[in-house]
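One letter stands for each residue in the lines below.
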Amino acid sequence: MMTKKVSVLAVLAIFFTQFSDFATTTIGLHMGAAEKNGFMDKVISNYGISGFLIVKVLAAVVLAYLFARRPLAAWSVSLMFLVVSLWNLTVIYRLSTMI
């Protein structure tokens, strides 16, 4: 069984990676990138960045709740969103060199 400290770190990792995905996606969109996730594209098209933020916060809360007792799963999900955020940074970099 994992310690409570590891569980807290896993939940913090979820919130951090959700925030980093939100921040890098928002910056990329403002620079002219397109959202490739079909669901999030619809959310952004219909509700704007505030709708996007609400979905990310809800996702972080649900993931934190579900994975508070399963830190390994939380780390896995966080790793996936970290990879997405890093990809977003490469898109931002490529867009910035085009200006």
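In this text, all values refer to a predicted model and were calculated from it rather than measured experimentally. (Residues numbered from 1 in each chain as written. Predicted model: local features only at pLDDT ≥ 70, side-chain atom pairs only at ≥ 80, totals over all residues. Heavy atoms only, no water.)

Draft legend 1. View of the pattern of salt bridges. Summed over all chains, the structure comprises one salt bridge. Across the pair Asp21 and Lys56 runs a salt bridge, and its minimum N-O distance is 2.6 Å. In this pair, Asp21 is assigned in helix H1 (residues 4-30) and Lys56 in helix H2 (residues 38-67), connecting sequence segments 35 residues apart. The same class applies to Asp21 and to Lys56, which are both buried. (Salt bridge = Lys/Arg side-chain N within 4 Å of Asp/Glu carboxyl O. Helix = DSSP H or I, 4+ residues; strand = E, 2+ residues; numbered from the N terminus. Buried < 20%, exposed > 50% of the residue type's maximum accessible area, 1.4 Å probe, protein only.)

Draft legend 2. Broad picture of the packing of H2 against helix H3 (residues 71-98). For the pair H2 and H3, interaxial distance at closest approach is 8 Å and the crossing angle is 155°. It follows from the interaxial angle that H2 and H3 lie roughly antiparallel. Taken together, the residues of H3 that come into contact with H2 (itself represented by Lys56, Leu63 and Phe67) are Pro71, Ala73, Ala74, Val77 and Phe81. Of the residues assigned to the contact of H2 with H3, the class counts are seven nonpolar, no polar and one charged. (Axes fitted to C-alpha atoms, helices over the stretch in contact; angles between N-to-C directions. Parallel < 35°, antiparallel > 145°, perpendicular 65-115°, else oblique. Contact = heavy atoms within 4.5 Å. Nonpolar A, V, L, I, M, F, W, Y, C, P; charged D, E, K, R; others polar.)

Draft legend 3. Focus on the layout of surface pockets. A volume near 340 Å³ is recorded for the largest pocket. In terms of lining, the largest pocket is formed by 18 residues, of which the most central are Ala34, Glu35, Lys36, Trp87 and Asn88. Listed by contribution, the elements that provide at least two residues to the lining of the largest pocket are H1 and H3. In terms of residue count, the dominant contributor to the lining of the largest pocket is H3 (seven residues). (1 Å grid on protein atoms, 1.4 Å probe; cavity = no way out; pocket = protein on both sides within 12 Å on 5 of 7 lines; lining within 4 Å. Points joined across faces, edges and corners; volume = space filled by probe spheres on them.)

Draft legend 4. Fine view of the side chain of Thr24. Mapping Thr24 onto the fold places it in helix H1. Among the residues examined, Thr24 registers a relative accessible area of 10% and is labelled buried. Here the side chain of Thr24 touches Ser20 through a polar contact of 2.8 Å, landing on its backbone oxygen. A distance of 2.9 Å separates polar atoms of two side chains, one belonging to Thr24 and the other to Asn88. (Polar contact = N/O pair within 3.5 Å; in protein donor to acceptor, adjacent residues only side chain to side chain.)

Spatial relationships are all this shows, so hold off on functional conclusions.
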